[in-house]
Amino acid sequence: MATSNQPLIHRLEGELARIPLVDSHSHVPGTDPTAHTLDDLLGYHYYTELAHSCGMPKDCLARDHDPQARCREILGWLGHMKNTAQYNWFVHICHEFLGFQGKHPTVADADALWQAARHTFGRPDWEKELWCRTNLACIFLTNDFDDPLTGFNTSRYIPCLRTDDLVFHLHDPLVRARLARATGLEPKSAGHLRQALSRLFEHFLRNNARACAISLPPGFTPGAVSAADLDRALASPVPGCPDLARGVFWMLAECCQDHGLPFDLMIGVNRKVYAGGVFQGQDLFDRRTSLVQYAALFNAFPGVTFPVSVLDGAQNQELASHAWIFPNVIAHGHWWYANVPSIIERDLRDRLNAVPSVKLVGYYSDAYKLEFVLPKYAMYRAILARILANDFVAPGVLTETEAVAVASQLLEGNSRRIFRLPASGPGPG
Amino acid sequence: MATSNQPLIHRLEGELARIPLVDSHSHVPGTDPTAHTLDDLLGYHYYTELAHSCGMPKDCLARDHDPQARCREILGWLGHMKNTAQYNWFVHICHEFLGFQGKHPTVADADALWQAARHTFGRPDWEKELWCRTNLACIFLTNDFDDPLTGFNTSRYIPCLRTDDLVFHLHDPLVRARLARATGLEPKSAGHLRQALSRLFEHFLRNNARACAISLPPGFTPGAVSAADLDRALASPVPGCPDLARGVFWMLAECCQDHGLPFDLMIGVNRKVYAGGVFQGQDLFDRRTSLVQYAALFNAFPGVTFPVSVLDGAQNQELASHAWIFPNVIAHGHWWYANVPSIIERDLRDRLNAVPSVKLVGYYSDAYKLEFVLPKYAMYRAILARILANDFVAPGVLTETEAVAVASQLLEGNSRRIFRLPASGPGPG
Amino acid sequence: MATSNQPLIHRLEGELARIPLVDSHSHVPGTDPTAHTLDDLLGYHYYTELAHSCGMPKDCLARDHDPQARCREILGWLGHMKNTAQYNWFVHICHEFLGFQGKHPTVADADALWQAARHTFGRPDWEKELWCRTNLACIFLTNDFDDPLTGFNTSRYIPCLRTDDLVFHLHDPLVRARLARATGLEPKSAGHLRQALSRLFEHFLRNNARACAISLPPGFTPGAVSAADLDRALASPVPGCPDLARGVFWMLAECCQDHGLPFDLMIGVNRKVYAGGVFQGQDLFDRRTSLVQYAALFNAFPGVTFPVSVLDGAQNQELASHAWIFPNVIAHGHWWYANVPSIIERDLRDRLNAVPSVKLVGYYSDAYKLEFVLPKYAMYRAILARILANDFVAPGVLTETEAVAVASQLLEGNSRRIFRLPASGPGPG
């Protein structure tokens with residue numbers, strides 16, 4: 001990587017910033033997408049879990065704790081993580097949206113930032129302004145299977161059917177009750193379940209859903225389950241029953257096939273590993289897992305596109321190689337613990353070196369509030385621009401125009417094709 | 001990595017290009033080593049599988065499909081993979097051998113490339129010219145155990161006894177019949193098998209073979225099998241019988257010891273993972289594997305040299321550490337899915353940082369036609385030159401002359417020593 | 001990484017060299033910390049094992065072999081590993097301490113180096129001089145559980161209770177006898193064992209011990225063992241009994257909690273993999289292991305700090321992510337096969353990108369003689385300076401002063417806090 005490419009990198013960053021973003025995975029609530037207070041930013045689990053990991057007691061995270069005091073508390077811990085990418089997303093937001101001029105926001109800035117946040121986020125046109133400044137074309141949500149999907153513009157906030165509850169918690173009477181309420185059907189047998197899932201898919205598709213999605217533990221290996229076995233599992237459902245989880249999962253893949261929906265697989269998370277952790281700061285992973293566990297699935301459903309994310313960067317070559325061989329496997333973004341500049345750089349270089357650019361969806365924000373889309377994508381674009389400059393344009397493999405075209409596929413085009421979005425629009429503004 | 005080292009890198013690339021190449025693993029057919037048509041290039045599985053992965057139906061790959069039309073079809077898909085190293089090998093060939101002047105070969109160039117290929121590859125001295133331009137000293141083949149090894153110059157095209165069929169398919173009557181035909185012996189017992197294998201080794205050694213080789217699945221763990229157990233396994237052979245595979249494998253290692261032949265282990269491939277894939281485009285890997293599985297083998301055969309390749313770059317540190325500790329383990333090239341610039345760069349740096357240079361065989365082409373040796377080695381040499389410049393010469397660890405000497409070991413010298421080739425020659429032209 | 005940052009990197013290296021070093025893990029003997037002869041340097045297992053791996057027979061390593069002849073022999077093999085980091089530590093020592101002026105020490109230099117070593121290491125103030133030149137504040141030892149801990153200054157040479165023998169060899173009558181001798185107690189039951197361990201901890205704490213430490217095989221998964229099961233295991237101890245190893249380990253964690261001692265976990269080593277290897281050159285690893293195996297431990301002992309080292313760089317993201325989530329997990333140094341510049345660079349970048357700097361103990365020497373602390377830390381500081389310059393200061397994430405502060409945490413401050421050392425001193429000189 002070479003400094004003399006700096007002007008080229010700079011030019012590419014400028015070009016890349018002009019590409020509208022299709023953000024193919026987030027947790028932004030469609031009905032309440034933007035932050036209202038500084039607490040909506042600093043309450044992001046990246047800050048609460050890192051502060052806790054540095055020693056912050058969890059008391060201030062109680063629901064009834066004064067939010068402004070909580071921000072002061074968390075700001076006091078940020079000084080311990082000034083080196084992290086996660087911290088830099090927050091600094092970027094402070095500079096970009098909150099008028100912060102200093103280098104590092106500290107406790108001393110807490111009240112000013114609080115006021116600035118109230119002011120900025122309280123502007124009547126804030127959501128619209130944010131879309132424009134982020135250059136966002138559309139953003140995918142994470143919707144519970146029983147989400148009514150009302151109250152937001154589904155051509156900007158794209159519904160996505162999240163199915164973890166169905167696959168891993170259908171033994172839970174509450175989940176079964178929710179399913180019954182949402183579909184009018186009790187999942188008492190494989191046949192009933194299939195009908196219920198069909199109704200969910202129909203509801204989601206009527207509301208412009210563009211993907212089914214799930215996060216999966218490292219030990220999960222999909223496979224077909226016979227109707228009889230699934231009947232049995234549904235009749236006396238117990239937690240952790242493999243027939244239940246595998247049976248429901250396989251049926252979801254069948255529904256994706258029937259309804260032409262891509263199935264996002266986010267592979268590798270162990271839930272609640274750190275029992276004493278903060279909300280959403282308890283999950284980790286286990287590197288003893290392989291994408292080969294999904295071979296039966298990829299073979300059985302050639303008509304379903306599987307955008308696949310992995311949690312462990314050391315699994316990236318498996319992902320690249322599977323996307324290289326399987327027509328229906330797409331390398332999808334840089335997930336969670338692997339969403340860190342040095343890991344993204346390594347994984348993205350390996351993907352760009354080996355996998356046709358049409359098989360790569362570059363990035364998604366995974367954001368909980370729209371404000372985080374901008375700094376996260378800025379981080380990604382800087383890495384992408386550097387790799388394109390150093391590995392492709394400088395050595396003469398691609399022209400600058402071709403490099404921008406590749407970036408455009410990764411940031412927008414491939415998502416539009418794979419998720420069957422309109423070729424352009426609605427776009428910002 | 002620093003631009004200011006560019007002149008140094010350039011000088012090193014020039015020096016490295018002068019080193020004759022010992023290509024220690026390929027699939028080039030000794031009796032038909034060069035391409036005849038453009039189809040021999042674009043039919044390489046890297047292009048067919050990547051085009052298929054991008055969406056190309058397999059129809060055009062049928063044996064009876066018009067080869068020129070097939071080239072047109074594949075060329076039409078190459079635009080989707082302009083970012084990949086695999087594509088760049090082809091572009092390099094077009095520029096170097098086919099007089100192509102453009103930046104990217106497209107469907108519009110198909111007929112001109114077809115004619116250029118016929119013309120170039122039809123030259124009576126093409127094979128000789130190619131050896132010279134590639135600066136090739138010799139190239140290892142992949143020979144079936146029943147290959148007659150006739151019809152080619154075995155001091156240039158070095159026979160290599162490939163043993164996958166023996167280890168993993170000896171349950172197959174066809175394989176047993178081939179073995180019986182080749183050796184005059186039915187492998188009905190451990191004793192008979194040993195005699196049969198000895199005859200194979202003698203045949204291969206008489207014909208200048210320099211290695212025994214095998215590719216192995218991630219789950220394979222070598223170990224001694226008693227004669228009684230192997231007898232039983234041979235008497236009623238069933239697919240996947242561990243005693244059979246392990247017994248034959250162990251006996252091959254004994255033969256290598258008896259006959260002084262290195263045993264190339266290519267570790268990690270799962271065959272036919274993508275059942276619907278193109279020919280040779282169905283195999284993948286599983287990262288849940290470790291070189292420690294081979295400890296018993298490495299300990300039991302101190303007199304056998306094991307050049308080891310791994311399929312997953314994330315296993316590279318295991319390979320480097322085993323080559324660091326075991327006198328008979330050699331880190332061997334960058335195999336298949338790991339044969340990609342960014343992965344080679346990482347793996348090679350780690351090897352050069354930790355493993356004595358005498359324990360490294362730098363690269364092999366894995367080519368199916370001689371034309372691919374040049375672009376693949378050019379890619380490797382560029383990476384090697386950059387690492388030697390940035391990590392060794394620029395910081396003053398090695399002089400430029402010493403760095404070239406290290407490169408010479410990796411490209412030629414170590415292979416000559418390990419595979420007991422003459423110290424020089426036959427070399428090109 | 002960019003050349004134009006070279007002046008910045010150079011400045012940072014100067015700043016970093018001024019930070020006193022807390023070397024949190026070594027095998028330096030407190031009573032005999034420095035080398036006396038060249039043999040004490042070249043006898044380091046890195047050289048004997050690499051020379052053996054290159055082909056050196058083990059004869060010269062016999063105890064009664066003439067040490068000067070041994071040095072000649074080993075020096076003769078070093079030429080094969082001029083590319084390695086391990087070799088460069090030795091060259092650094094030759095230049096820095098032995099007045100060697102050449103580029104590469106060869107057999108021809110053997111006698112001169114031998115004499116120079118005798119002269120230098122024989123100086124009456126050599127130990128003191130070495131502390132100063134190394135800028136060492138204190139160094140942790142590796143003490144057997146029955147070490148009397150006398151004969152050295154425990155505020156410089158910090159005792160550390162090494163517990164491998166207790167956890168993995170308590171079936172061995174010799175180890176039980178040593179424990180009985182050291183504590184006056186036979187470990188016949190869980191109760192007795194607890195008392196015995198308490199006495200060990202008290203003895204170590206009286207002598208300024210600052211850590212309990214252990215190396216662990218890849219397959220080990222800690223968990224609580226009932227007193228009854230541990231009683232049974234202690235009553236009829238057999239090698240490899242899981243209840244014994246897990247029971248003792250868990251009790252050690254309880255002792256760490258009771259006595260406020262951090263528990264260093266060095267995870268991943270398989271012992272005696274290469275049976276024919278040189279002393280300390282027989283161990284390797286198995287990448288089929290995960291830090292998730294330690295979840296129960298990390299959860300059960302929130303009051304115990306666990307500085308964790310991993311042997312396989314490909315496990316580094318697991319380590320970074322666990323340190324990111326668990327308050328009591330610290331990413332600790334770069335161990336053994338991962339203590340190589342290119343691997344350190346990758347792992348350190350990933351840690352600095354994702355983990356708060358307070359959760360990182362940057363480096364330890366793992367040295368067997370004090371002379372190696374300097375070259376090993378010089379290697380680490382060069383990498384750290386380059387990463388801080390390229391990834392943090394140049395892009396404006398941290399100021400130069402802040403970057404030095406981060407380095408200071410990694411080299412000194414975090415160790416002082418985590419291991420409860422005085423805020424400064426004793427320091428060199």
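Predicted, not measured: the structure shown is a model, and the values here were computed from it.

Caption draft 1: Summary view of the overall build of chain A. Across its full length, chain A carries 17 helices and 11 strands. Within chain A, buried positions represent 64% of all 429 residues. Residue pairs at least 24 apart in sequence account for 75% of intrachain contacts in chain A once pairs closer than 6 positions are excluded. Both charge centroids of chain A, one from 39 positive and one from 44 negative side chains, sit 2 Å from each other.

Caption draft 2: Just the packing of aromatic side chains, in detail. The tally for this structure, following the rule as stated, stands at 81 aromatic pairs over all chains. The interplanar angle of 65 degrees and the centroid separation of 6.2 Å between the aromatic rings of tyrosine 44 of chain B and tyrosine 47 of chain B together place this pair among those described as edge-to-face. Under the relative-accessibility criterion, tyrosine 44 of chain B is labelled buried at 4%. Ring centres 5.3 Å apart and planes at 10 degrees place the aromatic pair tryptophan 336 of chain C and tyrosine 337 of chain C in the stacked group. There is no split in this pair, since tryptophan 336 of chain C and tyrosine 337 of chain C are both buried. One aromatic cluster is present, formed by Tyr44, Tyr46, Tyr47, Trp89, Phe90, Phe285, Trp335, Trp336, Tyr337, Tyr368 and Phe372 of chain A together with Trp324 of chain C through successive ring pairs. Looking at arginine 156 of chain B, its charged tip hangs above the ring of tryptophan 131 of chain B, at a distance of 5.2 Å from the centre.

Caption draft 3: Expanded view of the side chain of serine 215 of chain A. Residues and elements named next belong to chain A. Turning to its location among the elements, serine 215 is positioned in strand β5 (residues 211-216). On the accessibility criterion, serine 215 (3% relative accessible area) is buried. Here the side chain of serine 215 touches arginine 162 through a polar contact of 3.4 Å, side chain to side chain. Of note is the side chain of serine 215, whose polar atom sits 2.5 Å from the side chain of aspartate 164. Look past the residues within four positions of serine 215 in its chain and what remains in contact with it is Arg162, Asp164, Phe168, Met266, Val269, Arg271 and Trp335.

Caption draft 4: A look at the relation of the copies chain C and chain A. Of the two same-sequence chains, chain C is brought onto chain A (RMSD 0.0 Å, axial shift 0.0 Å) by a rotation of 120 degrees. Taken together, the turn and the small shift mark the pair as related by a three-fold rotation axis. Of the interface residues in chain C, just 19% have counterparts in chain A that sit at the interface too, so the contact is made through distinct surfaces.

Caption draft 5: Representation of the interface of chain C and chain A in the model. Contact residues are listed per partner, giving 42 residues for chain C and 44 residues for chain A. Counting every contact that joins chain C to chain A gives four salt bridges. The closest approach of N and O atoms between glutamate 345 of chain A and arginine 349 of chain C, which form a salt bridge, is 3.3 Å. Taken together, chain C and chain A are joined by 27 residue pairs in polar contact (both at pLDDT 80 or more). For the side of chain C that touches chain A, the elements supplying multiple residues, two or more each, are α13 (295-300), α14 (316-325) and α15 (341-354) of chain C. Classifying every residue of the side of chain C that touches chain A gives 18 nonpolar, 14 polar and 10 charged.

Caption draft 6: Representation of the interface of chain A and chain B within the structure. In this complex, chain A contributes 42 residues to the contact, which on the side of chain B involves 44 residues. Between chain A and chain B, roughly 3400 Å² of surface is buried when both sides are summed, and carbon and sulfur atoms account for 54% of that area. Area buried by chain A at its contact with chain B is led by Gln317, Trp324 and Ile325 of chain A, which between them contribute 22% of it. Remark: the boundary between chain A and chain B carries four salt bridges. The residue lysine 82 of chain B makes a salt bridge to glutamate 402 of chain A at a minimum N-O spacing of 3.9 Å. Scanning the region where chain A abuts chain B turns up 26 residue pairs in polar contact (both at pLDDT 80 or more). Mapped by element, the contributors of at least two residues to the side of chain A that touches chain B are α13 (295-300), α14 (316-325) and α15 (341-354) of chain A.

Caption draft 7: Main features of the domain arrangement of chain A. All names here are of chain A. As far as domains go, chain A holds domain 1 (37-121) and domain 2 (126-418). One C-alpha centre belongs to domain 1, the other to domain 2; they are set 29 Å apart. Listed by partner, the interface residues are 19 residues for domain 1 and 24 residues for domain 2. Here domain 1 packs against domain 2, burying approximately 2000 Å² in sum over the two surfaces, 70% of which is carbon and sulfur. Looking at the side of domain 1 facing domain 2, the largest losses of area belong to Tyr44, Trp89 and Phe97, adding up to 31% of the total buried there. Across the domain 1-domain 2 interface, the total number found is one salt bridge. Glutamate 96 serves as the salt-bridge partner of arginine 133, at 3.8 Å between the closest nitrogen and oxygen. Here domain 1 and domain 2 share five residue pairs in polar contact (both at pLDDT 80 or more) between them. By residue class, the composition of the side of domain 1 that touches domain 2 is 10 nonpolar, five polar and four charged.

Parameters and conventions
- Residues numbered from 1 in each chain as written.
- Chains lettered and ligands numbered in written order.
- Predicted model: local features only at pLDDT ≥ 70, side-chain atom pairs only at ≥ 80, totals over all residues.
- Heavy atoms only, no water.
- Helix = DSSP H or I, 4+ residues; strand = E, 2+ residues; numbered from the N terminus.
- Buried < 20%, exposed > 50% of the residue type's maximum accessible area, 1.4 Å probe, protein only.
- Contact = heavy atoms within 4.5 Å.
- Lys, Arg positive; Asp, Glu negative; His and termini not counted.
- Charge placed at Lys NZ, Arg CZ, Asp CG, Glu CD.
- Phe/Tyr/Trp six-rings, centres within 6.5 Å; stacked < 30°, edge-to-face > 60°.
- Lys NZ or Arg CZ within 6 Å of the ring centre and 35° of its normal.
- Polar contact = N/O pair within 3.5 Å; in protein donor to acceptor, adjacent residues only side chain to side chain.
- Least-squares fit on C-alpha atoms with pLDDT ≥ 70 in both.
- Salt bridge = Lys/Arg side-chain N within 4 Å of Asp/Glu carboxyl O.
- Nonpolar A, V, L, I, M, F, W, Y, C, P; charged D, E, K, R; others polar.
- Buried area = accessible area lost by both parts, 1.4 Å probe.
- Domains from an automatic or database assignment.

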